[in-house]
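Take a look at the letters that make up each chain.
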Amino acid sequence: MAGSREIRNKIKSVKNTQKITRAMEMVAASKMRKAQDRMKKARPYGEKIRDVAAHMSRANTEYRHPFLIERDTVKRIGVIIVTSDKGLCGGLNTNILRKAVNQMKRWQAEGEQVEVSCIGNKGLGFMSRIGANVISQVVALGDTPDIEKLIGAVKVVLDGYTQDRFDRVFIFYNRFINTMKQEPIMEQLLPLTDERIQGSESSGEKVKTAWDYIYEPEAKPVIDDVMVRYVEALIYQAVAENMASEQSARMVAMKAASDNAGNVIDELTLIYNKSRQAAITKELSEIVGGAAAV
């Protein structure tokens, strides 16, 4: 059995760790509420620009944007992976990276080339370690996602699709369900599918009728700009969802760590009391034995 001083040092160390995990839990809870509000505020803009894009896609115009055109063959795939910059958030990053790697292996087994764009330091580090072809990256987003920081990495992928470098583009991120549940998601970003651009089942709204717009001076530059903004809005919403998931997962993980630290402290305290009682009993036995011998 370990000595009393060693056990006391272990208890002190675990208590210090518990203070850190409790502080991180409270910080994550505060950031989680802000991230959820930010995610919810971004949804109306995404829904509105989706409706505009849906009407444009169904209108009878002479120009059809490349983002809406399905490719006959798929040989090259672009992947955007959204992860967190920091760890200590449970299995959040592990789950989405495992899903992405498994899907990339399936594509490569079918003879398709995969290139990766990483949003978040954890995804960038992992993809670099496994030797993936990383074409763009953005890290250190902070607690508030900024579309200006995302545009550079996103533009590389969008230009690649427009220039026929990619035949399809997918995005991987963690969708926020509730505080206790975050779901790893893979979605096809390009070409835009009818289901995605006309509404989702969760919203319960789909564009049944469509109207065309009056374009001035012509339709092409307007449609090009709206479609790019729409895709950027989808990526921004995915980043916002992932950040809300990150803070929720970190809060839950830190709470579990604090509870585990409390259990360890209780166990070590019990061992310490047993060790001290054994030492006292031994000393009393030695005193009684010495007195009896005299």
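This is a predicted model, so every value here is computed, not measured.

What counts, and where the lines are drawn
- Residues numbered from 1 in each chain as written.
- Predicted model: local features only at pLDDT ≥ 70, side-chain atom pairs only at ≥ 80, totals over all residues.
- Heavy atoms only, no water.
- Pairing = 2+ DSSP bridges.
- Helix = DSSP H or I, 4+ residues; strand = E, 2+ residues; numbered from the N terminus.
- Axes fitted to C-alpha atoms, helices over the stretch in contact; angles between N-to-C directions.
- Contact = heavy atoms within 4.5 Å.
- Patch = residues over 30% accessible without salt bridge, like charges linked within 9 Å, V, L, I, M, F, W, Y side chains within 5 Å.
- Areas by Shrake-Rupley, 256 points an atom, 1.4 Å probe, with all protein chains shown as cover.
- Salt bridge = Lys/Arg side-chain N within 4 Å of Asp/Glu carboxyl O.
- Buried < 20%, exposed > 50% of the residue type's maximum accessible area, 1.4 Å probe, protein only.
- Parallel < 35°, antiparallel > 145°, perpendicular 65-115°, else oblique.
- Left-handed = near helix turned anticlockwise from the far one by under 90°.
- Nonpolar A, V, L, I, M, F, W, Y, C, P; charged D, E, K, R; others polar.
- Core = buried A, V, L, I, M, F, W, Y, C linked by side-chain atoms within 4.5 Å.
- Arc of directions from axis to C-beta.
- Right-handed = clockwise from strand over helix to strand, strands pointing away.

Before going further, it helps to spend a moment on the sheet that holds strand E3 (residues 134-138). A sheet is described by the order of its strands in space; here 5 strands give the open sequence E3-E2-E1-E4-E5, paired in mixed fashion. Looking along the sheet, the strands with just one partner apiece sit at the ends: E3 and strand E5 (181-190). Pairs of neighbouring strands in the sheet enclose a mean axial angle of 20°, with direction left out of account. The pairing of strand E1 (residues 76-82) with strand E2 (residues 113-119) spans 7 bridges and is parallel. Each residue of the ladder has a partner; that of Ile77, found in E2, is Val114. The sheet contacts of helix H6 (residues 219-293) involve E1, E2, strand E4 (168-178) and E5, and relative to E4 the element is tilted by about 40°.

A cluster of nonpolar residues, Ile280, Leu284 and Ile287, forms a patch on the protein surface that exposes about 290 Å² of accessible area. Note on placement: Leu284 falls in helix H6. For Leu284, a relative accessible area of 51% puts it in the exposed group.

Our focus in this paragraph is the packing of helix H1 (residues 4-58) against H6. At their nearest, the axes of H1 and H6 sit 5 Å apart, and the two run at 160° to each other. Here H1 is positioned roughly antiparallel relative to H6, judged by the angle of their axes. As for how H1 packs across H6, the hand of that crossing is left-handed. Here the residues of the contact of H1 with H6 sort into 34 nonpolar, 11 polar and 14 charged.

On to unusual backbone geometry. For the peptide bond that leads from Leu190 to Pro191, omega is -5°, which places it in the cis range. Mapping Pro191 onto the fold places it in the loop between E5 and helix H5 (194-198). Of note, Ala140 is a non-glycine position whose phi angle comes to about 55°, a positive value. Residue placement: Ala140 occurs in the loop between E3 and helix H4 (147-162). Looking at Ala140, the relative accessible area reads 54%, which means it is exposed. Even without glycine at this site, Asp164 takes up a positive phi of about 65°. Among the structural elements, Asp164 can be located in the loop between H4 and E4. In this structure Asp164 comes out as partly exposed when scored by relative accessible area, which is 45%.

By size, the foremost hydrophobic cluster in this structure holds 39 residues, and its most contacted members are Ile80, Ile119, Leu192 and Ile235. The set of elements that each furnish at least two residues to this core consists of H1, E1, H4, E4, E5 and H6. Per element, the largest residue contribution to this core is 13 residues, and it comes from H6.

What follows covers helix H3 (residues 121-129). Along H3, the residues classified as buried are Gly123, Leu124 and Met127. Across the axial projection of H3, the buried residues extend over an arc of 100°, all falling on one side. Of the surrounding secondary structure, the elements contacted by the buried residues of H3 are E1, helix H2 (92-109), E2 and E3. Directly beyond the C-terminal end of H3, a positive phi value near 80° is found at Gly131.

Glancing now at the side chain of Asn242. By the secondary structure assignment, Asn242 is in helix H6. With a relative accessible area of 1%, Asn242 lands in the buried category. Setting aside residues up to four positions removed in sequence, Asn242 forms contacts with Val82, Thr83, Ser84, Leu92, Tyr173 and Asn174.

Within a regular beta strand, the side chains point alternately toward one face of the sheet and then the other, so they alternate between its two faces. Along E2, 6 of the 7 residues are buried, which leaves the element largely enclosed by surrounding structure. With respect to chirality, the unit in which E1 leads through H2 into the neighbouring parallel E2 is right-handed. Note that E2 and E3 share 4 bridges and pair parallel. Pairing of Cys118 across the sheet is with Gln137, part of E3. Of the crossover connections in this fold, the one passing from E2 over H3 to the parallel E3 is right-handed.

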